[in-house]
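Analysis of the macromolecular model
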Amino acid sequence: MRLDQVEVRQIRLPLKAPFETSFARTTTKEFVLVSVSADGVTGHGECIADADPFYLPETNATVLHVLRDFLVPMTFALDIAHPRQVRPALARVRGHEMAKAALEMAVWELVARREGVPLYRLLGGRGGEVEAGVSVGLKADDAAVVAHVAAEVEAGYRRIKVKIKPGRDRGLVAAIRQSFPRVPLMVDANSAYTLATAERLRALDGFSLTMIEQPLAWDDLVDHATLQRHLRTPICLDESIVSPESARRALEIKACRVVNIKVGRVGGFTGAIGVHDVCRAQGVPVWCGGMLESGIGRLANVHLQTLPGFTLPGDTSASGRVYEEDLVDPPVVVSPEGTIGVPEGPGIGHEILWPRVERATTYREAWRRP
Ligand code: OSB
Ligand code: MG
């Protein structure tokens with residue numbers, strides 16, 4: 001199979017409410033949607049890059065540049081028998097995992113549609129349902145976070161994650177534990193601490209957290225290994241894991257005991273399966289992260305987390321928590337029991353609402369195979 005056309009769109013979707021982390025406060029989601037076509041069938045991949053480089057170095061602008069000038073021409077040159085061939089074909093480009101992932105995910109989705117099977121089947125997963133967890137952002141004060149946590153527990157989520165930063169950590173967790181002594185709870189620092197300030201995190205050891213996510217620098221493994229030796233709570237890495245190789249290194253030096261997999265952070269589904277396999281072989285649990293995706297990326301995450309190593313609830317929540325109007329029909333919903341049904345239709349399995357995509361598109365560009 002040769003690709004005939006690749007189209008990119010920049011999409012702008014207002015969030016229902018601002019989402020605040022230790023590194024940014026987001027009010028609008030701006031992302032690149034990649035669509036690839038072959039023989040009249042089209043597949044789609046949602047990019048996780050943001051307008052700014054505050055989570056990881058890529059931005060929507062670098063994604064468009066690297067796709068246009070490198071990744072798309074390299075992919076047009078391929079005769080694709082299976083989507084797993086795309087990752088090695090793009091390996092000459094160093095980094096730019098988010099750009100690679102959006103293109104590679106679109107190829108997987110295209111092939112699933114061509115074969116008339118749900119994405120999970122092609123990925124090696126299973127049908128049924130997945131367990132939903134939720135990520136709660138920083139708010140004006142601890143009481144506001146506790147109120148949000150209460151609403152999410154009430155909605156049935158199987159695990160709650162809250163964002164922390166220095167000064168908004170111990171008191172916040174204590175307040176949540178006072179109301180919810182037993183709810184599966186974890187925290188995410190998004191690299192807001194250093195070894196020097198990590199003493200504050202030892203104060204969290206008494207709260208039975210399931211894990212502390214990415215406390216130290218986005219590109220670090222060694223300091224995380226040092227910190228893990230002094231913490232009882234498992235460390236989970238997010239930003240620092242960008243490939244199966246970095247996962248192997250992290251486990252080798254015991255930098256973490258859990259791994260968050262985001263397809264867009266590890267260069268695509270093949271990279272995600274690789275990280276999953278490295279962790280599974282060592283008995284290290286993984287879960288699927290999120291980047292406030294629209295339904296398109298959200299459903300891709302649902303399919304991925306049907307692989308057997310995803311033994312913990314992830315950050316895939318209902319689209320209606322984040323967006324007034326999703327780009328897919330039906331939207332992603334969470335049952336009162338805290339589960340999401342895995343779609344059985346071809347590809348991501350829900351219909352894309354093109355008039356809505358059209359209205360949210362701020363820029364588009366397309367290339368045809370030369
Ligand atoms: O670190 O997991 C993160 C959102 C944006 C950037 C980074 C992260 C997040 C989330 C949100 O935690 C997860 C979601 O609801 O999609
Ligand atoms: Mg995170």
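In this convention, every chain numbers its residues from 1, walking through the sequence in written order. Written order decides the labels, with chains lettered from A and ligands numbered from 1. For this predicted model, a pLDDT threshold of at least 70 governs which residues receive local features, and a threshold of 80 or more governs which side-chain atom pairs are given and counted, while totals over whole chains, interfaces and linings are taken from all residues. Just so you know, side-chain values use all the structure's heavy atoms and leave hydrogens and water out.

Let's talk about the layout of surface pockets
The space that makes up the largest pocket amounts to roughly 520 Å³. Both site types are read off a 1 Å grid over the protein atoms alone. A 1.4 Å probe that fits but cannot get out defines a cavity, while an open set with protein on both sides within 12 Å along at least five of seven lines defines a pocket; lining residues have an atom within 4 Å of a point. Taken together, 33 residues form the lining of the largest pocket, with F19, T26, D50, M291 and L292 sitting closest to its centre. Per the convention used, a helix needs a DSSP run of H or I reaching at least four residues, while a strand needs a run of E reaching at least two, with both numbered from the N terminus. Of all the elements in the fold, those that place two or more residues in the lining of the largest pocket are β2 (25–38), β5 (133–136), β6 (159–163), α11 (295–304) and α12 (319–322). Element by element, the count of residues in the lining of the largest pocket is highest for β2, at six residues. Residue type decides the class: Asp, Glu, Lys and Arg count as charged, Ala, Val, Leu, Ile, Met, Phe, Trp, Tyr, Cys and Pro as nonpolar, and the leftover types, Gly among them, as polar. A breakdown of the residues in the lining of the largest pocket according to their chemical character gives nine nonpolar, ten polar and 14 charged. Grid points are joined across faces, edges and corners, and a volume is the space filled by probe spheres set on the points.

A word on the domain arrangement of the protein chain
By convention here, the domain bounds are inherited from an automatic or database domain assignment. Here the domain parsing of the protein chain yields domain 1 (5–116 + 350–362) and domain 2 (122–341). Relative to domain 2, the C-alpha centre of domain 1 lies at a distance of 22 Å. In total, domain 1 and domain 2 occlude about 3,900 Å² of area from one another, counting both sides; carbon and sulfur atoms represent 65% of this. Within this document, salt bridges are pairs made up of a side-chain nitrogen of Lys or Arg and a carboxyl oxygen of Asp or Glu, the two lying within 4 Å of each other. Scanning the region where domain 1 abuts domain 2 turns up two salt bridges. One salt bridge in this structure joins E325 and R356, with 3.6 Å as the shortest N-O distance. Within the residue set of the side of domain 1 that touches domain 2, elements represented by two or more residues are β1 (5–20), β2, β3 (41–46), α3 (97–115), β14 (351–352) and α13 (354–360). When residues of the side of domain 1 that touches domain 2 are assigned to their parent elements, the largest contribution, ten residues, is made by α3. In terms of residue class, the side of domain 1 that touches domain 2 is made up of 22 nonpolar, four polar and 14 charged. By definition, the buried area sums, over both parts, the 1.4 Å-probe accessible area that each loses when the two are put together.

Brief notes about the coordination of the magnesium ion (ligand 2)
Only nitrogen, oxygen and sulfur atoms qualify as donors, provided they sit within 2.8 Å of the metal or within 3.2 Å for Na, K and Ca; with water excluded from the atoms, sites may seem incomplete. All of the protein donors around the magnesium ion (ligand 2) are D188 (OD), E213 (OE) and D238 (OD); their distances to the metal are 2.2 to 2.3 Å. Each donor residue of the magnesium ion (ligand 2) belongs to the same chain, and together they define the spacing D-x24-E-x24-D. Here the residue D188 occupies a position in strand β7 (residues 185–188), and D238 occupies one in the loop between β9 (235–237) and α9 (244–252), the gap between them amounting to 50 residues. Considered together, D188 and D238 belong to a single accessibility category, that of buried residues. A 1.4 Å probe rolled over the protein chains alone gives each residue an accessible area, and that area as a share of the maximum for its type sets the label: buried under 20%, exposed over 50%, partly exposed in between.

As for the packing of aromatic side chains
By convention, a stacked pair of Phe, Tyr or Trp rings (six-membered ring in the case of Trp) has centres within 6.5 Å and planes under 30 degrees apart, an edge-to-face pair has planes over 60 apart, and any other such pair is tilted. Tallied over the entire structure, the rule returns two aromatic pairs. Ring centres of F23 and Y55 lie 6.1 Å apart, and the angle between their planes is 40 degrees; this geometry places the pair in the tilted category. In this pair, F23 is assigned in the loop between β1 and β2 and Y55 in the loop between β3 and α1 (60–76), connecting sequence segments 32 residues apart. Assessed through its relative accessible area of 27%, F23 is described here as partly exposed. Measuring from centroid to centroid gives 6.0 Å for W108 and F269, while their planes differ by 75 degrees, and the two rings are edge-to-face. In this pair, W108 sits in helix α3 while F269 sits in helix α10 (residues 269–281), placing the two residues 161 residues apart along the sequence. Across this residue pair, the class does not change: W108 and F269 are buried. Here, a charge over a ring is recorded when the distance from Lys NZ or Arg CZ to the ring centre is within 6 Å and its angle to the ring normal is within 35 degrees. Residue placement shows R159 over the ring face of W287; its charged tip is 4.7 Å from the ring centre.

Some points on the pairing of β3
Two strands pair when backbone bridges link them, and β2 and β3 are joined in this way by six bridges, in the antiparallel orientation. Residue V34 lies in a different strand from β3, and its bridge partner there is G45. The hairpin formed by β2 and β3 contains two residues between the paired strands, and D39 there has a positive phi angle of roughly 50 degrees. Strands qualify as paired when DSSP identifies two bridges or more between them.

Some details on the site of ligand 1
The cutoff for a nearby residue is simple: one of its non-hydrogen atoms must lie within 4 Å of the molecule or strand. In the vicinity of ligand 1 there are 15 residues, among which S135, K163, D188, N190 and L292 approach most closely. Contacts described as polar in this section are N or O atom pairs within 3.5 Å, which, within protein, must combine one atom able to donate a hydrogen with one able to accept it, while residues neighboring in sequence count only if both atoms come from side chains. For ligand 1, an oxygen atom lies 3.2 Å from a polar atom in the backbone of M291. The protein chains shown are the only cover counted for residues, whose accessible areas, like all others here, come from Shrake-Rupley with a 1.4 Å probe. Protein burial of ligand 1: of its 390 Å² of free accessible surface, 97% is covered by the chains. Assignment of a molecule to a cavity or pocket requires that more than half of its atoms lie within 2 Å of the corresponding grid points. Most atoms of ligand 1, that is more than half of them, are within 2 Å of grid points of the largest pocket. Of the residues belonging to the shell around ligand 1, the class tally is five nonpolar, three polar and seven charged.

Topic: the sheet that holds strand β15 (residues 361–368)
On the basis of which strands lie adjacent, the open sheet formed by four strands has the order β3-β2-β1-β15 and antiparallel pairing. Of all the strands in the sheet, the pair left with one neighbour each is β3 and β15. Each neighbouring strand pair of the sheet contributes to a mean axis angle of 25 degrees, computed without reference to strand direction. With axes taken as lines fitted to C-alpha atoms, and helix axes fitted only over the stretch in contact, angles between N-to-C directions fall between 0 and 180 degrees.

Focus: the pattern of salt bridges
Inspection of every chain in the model, using the stated rule, returns 26 salt bridges. D39 is the partner of R114 in a salt bridge, and the nearest nitrogen-oxygen pair spans 2.8 Å. Of this pair, R114 sits in helix α3 while D39 sits in the loop between β2 and β3; the two residues are 75 residues apart in sequence, bridging distant segments of the chain. A salt bridge links K161 to D315; the shortest N-O distance between them is 2.6 Å. You can see K161 sitting in strand β6 and its partner D315 sitting in the loop between α11 and α12, a full 154 residues away along the chain. Exposure remark for D315: the relative accessible area of 10% places this residue in the buried category. Members of the salt-bridge network, linked through shared partners, are R159, K161, K163, D188, E213 and D315.

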